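Letter by letter, the chains look like this.
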Amino acid sequence: MLIPNLLFTLLAVANVACSLVPHSQTRHNPAIPGWHSDPSCVFVSERDNTTFCASSTFLLTPGIPIYASKDLTTWKLASHALSRESQYPEFNLSIAQTDGIWAPTLRYHHGVFYVIVIYKNNIAGKSTGLIFNTTDPFSDDAWTVPIQYNAEFIDPDLFWDDDGAAYVASSGINLQTVDVTTGAMGEPSQIWNGSTGNFLEGPHIYKKDGYYYLLVAEGGSGLNHSVTIARSKDIWGPYQGYENNPVLTNRDTSEYFQNIGHADLFHDMNGNWWSCSLTWRSGPEGKTYPMGREMALTPVTWKQGDWPSFAPVRGIQEGWYLPPSNNIPSDGPFANDPDIIDFEPNSTIPRNFGFWRWPNKDSYTISPVGHPRTLMLTPSTASITSGYKNYTAGYDGKEFTLIMRRQTDTLFQYSVDISFAPKSQDEEAGVTVFLNQVQNINLGITMLPANATNGTGSSLAPHFRFLVSGLGSDEKNIPTPFVTPIPHSWLQDPIRLVIRAENETHYVFYAASSSRPWDILRLGQAPATIVSGGAGPFTGSLVGVYATSPNGRGGTKSYISRWRYHGLAQEIGNGDFVHS
């Protein structure tokens, strides 16, 4: 199906720089598109000159994705450091939408990969430090059950000095010794007050040319976000701030990429330096950025004994040349891959799919008897659509039946075929653009009174319901719910539900009979501001399917087939697009 009246300008960018300037290469930001908060990267020569990056996942599981790349252009999902409920079962105690996994640091030391991260429970007022490790970054199962420690501060960094001593630098900016085998921490000492003293977060320590360099995020994650740096001859300080701080920011500019911060530094196989950072694609208004905090990449010039010089974050980025390579030993998808999923018998849930908190695995069955090439969903009593009435509704301590993938493109089309014959009132299965429990946009097939459009009738009939939960959003104009009966002739075949981002500001929802996909109904539209910021300032939008029976009276299964996600275009500047 073609998108009707799709108008966008594709910016023609030829990668001729590689042939004209051997040491330069044109790339596009974001380097890893879609929600990838608080990126941290490390280059590992012993792993075939591969760079690995991790990011925050908050309430999404599996958590802490590890991506791998050899050319810093093609990124492949290698593993998840947090993939099993047995690693951290307390995760499902999370209630607030900003609970969960905050700001990992990924490091490599003596043949072992480490992730140090904070699990945050805001309602309980508790932070728990977690230290994972593995010798195989391409296997979920190889990541250990984490060592736990009592975390006084967020955003931990992990650094080994030349004598083998390990240190954690955290928000504040506080430094402590750490035993990575036990989690035992030394007494914290504040080592720098920053350039402003405001929101000192995301620190990372590096040792180069006899100096300890301290990279810090300041200004808070938003339009004032920036990156600053200081250095000292002693790890405990005193630290001297760089006179030209901040070294990286887009604040107070008209640039499309904003909220530049929480950066990390790493070098490639040629010794050239790079920085990853988080960013919004929001413009200076900072209102519409549904994919949330994405990972940008920019080259850094770091001469011996000098301060590092960061290129500014832009959509078209000239950087150090690396030979193209997609030879990554992982069965995960590349970051830009489409989804063409048919749930073949004996297959597993795709690696890039995720859940909100730990799922009830019994609610998801691939190719059940009598329904091959489908994903069977057993409905949950918890409902993501409850949040449109009550800010605290929608989570009763039980799992959602909700399975999603990241939105990774400004313009995209997502569709599934749903075979669903509800029997009890309010049973529902549908598709969603989901930021959190109180910010989501949904089109469902649901059982309602036959005259649900006017609130009358005692008999029940299947309806389409377009419903937006926006209480947590900064958007004031929330679309009203819309209900319409499903054409009787459509009930004999699976129904195709479609979500399209037809421009950078709105989602449009459609439905069709899978037997007549060209005969399509447009059923709803909602602004992307609903899934930008608000109660989910640190996360980004996901698209997927849900199934619920909120009153608990029904348990009708739904069967999902022909799962498709296709990126169409990426916006890399104000009104400038490139093909996905």
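Going by the structure above, here's the rest.
Residues numbered from 1 in each chain as written. Predicted model: local features only at pLDDT ≥ 70, side-chain atom pairs only at ≥ 80, totals over all residues. Heavy atoms only, no water.

**Looking at the overall build of the chain**
Scanning the chain from N- to C-terminus turns up one helix and 39 strands. Since a compact globule built from 580 residues should have a radius of gyration of about 25 Å, the 24 Å found for the chain is in line with a globular shape. The C-alpha extent of the chain, read off along each of the three principal axes, is 80 × 55 × 45 Å. For the chain, with 580 residues in total, the buried portion stands at 61%. The long-range share in the chain, meaning contacts at least 24 apart out of those at least 6 apart in sequence, stands at 61%. Per element, the accessible surface of the chain, about 21,700 Å² overall, is 49% carbon and sulfur. Between the averaged position of the 37 positive side-chain charges in the chain and that of its 52 negative side-chain charges there is a distance of 6 Å. (Helix = DSSP H or I, 4+ residues; strand = E, 2+ residues; numbered from the N terminus. Rg over C-alpha atoms; globule rule 2.2 N^0.38 Å. Buried < 20%, exposed > 50% of the residue type's maximum accessible area, 1.4 Å probe, protein only. Contact = heavy atoms within 4.5 Å. Areas by Shrake-Rupley, 256 points an atom, 1.4 Å probe, with all protein chains shown as cover. Lys, Arg positive; Asp, Glu negative; His and termini not counted. Charge placed at Lys NZ, Arg CZ, Asp CG, Glu CD.)

**Considering the nonpolar core**
Formed by 53 residues in total, the largest nonpolar core has its most connected members in Phe52, Ile64, Leu106, Val115, Phe132 and Trp356. The element contributing the most residues to this core is strand 8 (residues 112-121), with eight residues. Counting residues in each nonpolar core, the second largest holds 44 residues, with Leu377, Ile403, Leu497 and Ile499 among its members. (Core = buried A, V, L, I, M, F, W, Y, C linked by side-chain atoms within 4.5 Å.)

**Considerations on the sheet that holds strand 7 (residues 100-109)**
Reading across the sheet, the four strands line up as 7-8-9-10 and stay open at both edges, with antiparallel pairing between neighbours. Each of the sheet's edge strands pairs with one partner strand only, and the pair in question is strand 7 and strand 10 (147-150). Across the sheet, the mean angle from the axis of one strand to that of its neighbour is 20°, orientation sign disregarded. Pairing geometry for strand 9 (residues 126-134) and strand 10, over four bridges, is antiparallel. Along strand 10, the bridge assignment pairs Thr128 with Asn150. (Pairing = 2+ DSSP bridges. Axes fitted to C-alpha atoms, helices over the stretch in contact; angles between N-to-C directions.)

**Some points on the state of the cysteines**
In total, this model carries one disulfide according to the counting rule given. In this model, Cys41 is linked to Cys53 through a disulfide, with the two sulfur atoms separated by 2.0 Å. Residues Cys41 and Cys53 are joined through a disulfide that is right-handed, its torsion about the S-S bond being 105°. With Cys41 in strand 2 (residues 37-44) and Cys53 in strand 3 (residues 50-56), this pair connects stretches of sequence that are 12 residues apart. In this structure, Cys41 and Cys53 share a single accessibility class: buried. (Disulfide = S-S within 2.5 Å.)

**Considering the packing of aromatic side chains**
All chains considered together, the criterion is met by 28 aromatic pairs. Seen in terms of ring centroids, Tyr242 and Trp307 are 4.7 Å apart; in terms of plane orientation they differ by 20°. Their pairing is stacked. Highlighted residues: Tyr242 in the loop between strand 18 (240-241) and strand 19 (257-267) and Trp307 in the loop between strand 21 (294-301) and strand 22 (309-310), separated in sequence by 65 residues. Residue classification places Trp307 among the buried residues on the basis of a relative accessible area of 10%. Taking 5.2 Å as the distance between ring centres and 20° as the angle between the ring planes, the aromatic pair formed by Phe412 and Tyr565 counts as stacked. With a gap of 153 residues between them, Phe412 in strand 29 (residues 411-420) and Tyr565 in strand 38 (residues 558-573) connect regions that are remote in the sequence. With respect to class, Phe412 is no different from Tyr565; both count as buried. One aromatic cluster is present, formed by Tyr211, Tyr213, Tyr242, Trp273, Trp302 and Trp307 through successive ring pairs. For Arg231, the ring lying beneath its charged end belongs to Tyr211, and the centroid distance is 3.9 Å. (Phe/Tyr/Trp six-rings, centres within 6.5 Å; stacked < 30°, edge-to-face > 60°. Lys NZ or Arg CZ within 6 Å of the ring centre and 35° of its normal.)

**With respect to the side chain of Gln407**
Mapped onto the elements of the fold, Gln407 is located in the loop between strand 28 (402-406) and strand 29. Here the side chain of Gln407 touches Asp409 through a polar contact of 3.0 Å, landing on its backbone oxygen. Polar contacts involving the side chain of Gln407 include one to the side chain of Tyr507, which spans 2.6 Å. Non-local contacts of Gln407, meaning those with residues more than four positions away in its chain, are made with Gly34, Trp35, Pro290, Met291, Phe412, Tyr507, Ser541, Leu542 and Tyr565. (Polar contact = N/O pair within 3.5 Å; in protein donor to acceptor, adjacent residues only side chain to side chain.)

**Concerning the pattern of salt bridges**
Applying the stated rule across the entire model yields 19 salt bridges. The salt bridge involving Asp264 is made with Arg107; its shortest N-O contact spans 3.0 Å. Residue Asp264 is located in strand 19, and its partner Arg107 is located in strand 7; the two are separated by 157 residues in the primary sequence. The same class applies to Asp264 as to Arg107, namely buried. Here Lys208 makes a salt bridge to Asp209, at a shortest N to O gap of 2.8 Å. Residue class for Lys208 comes out buried when judged on its relative accessible area of 13%. Residues joined in a network through salt bridges with shared partners are Asp342, Glu344, Arg373 and Arg564. (Salt bridge = Lys/Arg side-chain N within 4 Å of Asp/Glu carboxyl O.)

**A short note on the environment of Gly567**
Within the fold, Gly567 resides in strand 38. Note on Gly567: relative accessible area 29%, which makes it partly exposed. With 67 residues separating them in the primary sequence, Gly567 and Arg500 have C-alpha atoms 10.0 Å apart.

**Observations concerning the side chain of Asp264**
The exposure class of Asp264 is buried, given its relative accessible area of 0%. At a separation of 2.8 Å, a polar atom in the side chain of Asp264 contacts the side chain of Ser40. In terms of polar contacts, Asp264 uses its side chain to reach the backbone amide nitrogen of Cys41, at 3.2 Å. The contacts of Asp264, once residues within four sequence positions are left out, are Pro39, Ser40, Cys41, Arg107, His204, Tyr206, Leu215, Trp274, Ser275 and Cys276.

**What to know about the sheet that holds strand 22**
Strand order in the open sheet formed by four strands is 19-20-21-22, and the pairing between neighbours is antiparallel. Edge positions in the sheet fall to strand 19 and strand 22, since each of these pairs with one other strand and no more. Summarising the sheet, strand 19 and strand 20 (residues 273-281) pair through seven bridges and their orientation is antiparallel. Considered in strand 20, the bridge of Phe257 is made with Arg281.

**Concerning the pairing of strand 8**
The buried count for strand 8 comes to 10 of 10 residues, which makes it a mostly enclosed element. Along strand 8, one buried face is formed by Val112, Tyr114, Ile116, Ile118 and Lys120 and the opposite face, lined by Phe113, Val115, Val117, Tyr119 and Asn121, is buried too. Bridge analysis of strand 7 against strand 8 gives eight bridges, and the strand direction is antiparallel. Across the sheet, Thr105 pairs through a bridge with Ile116, a residue of strand 8.

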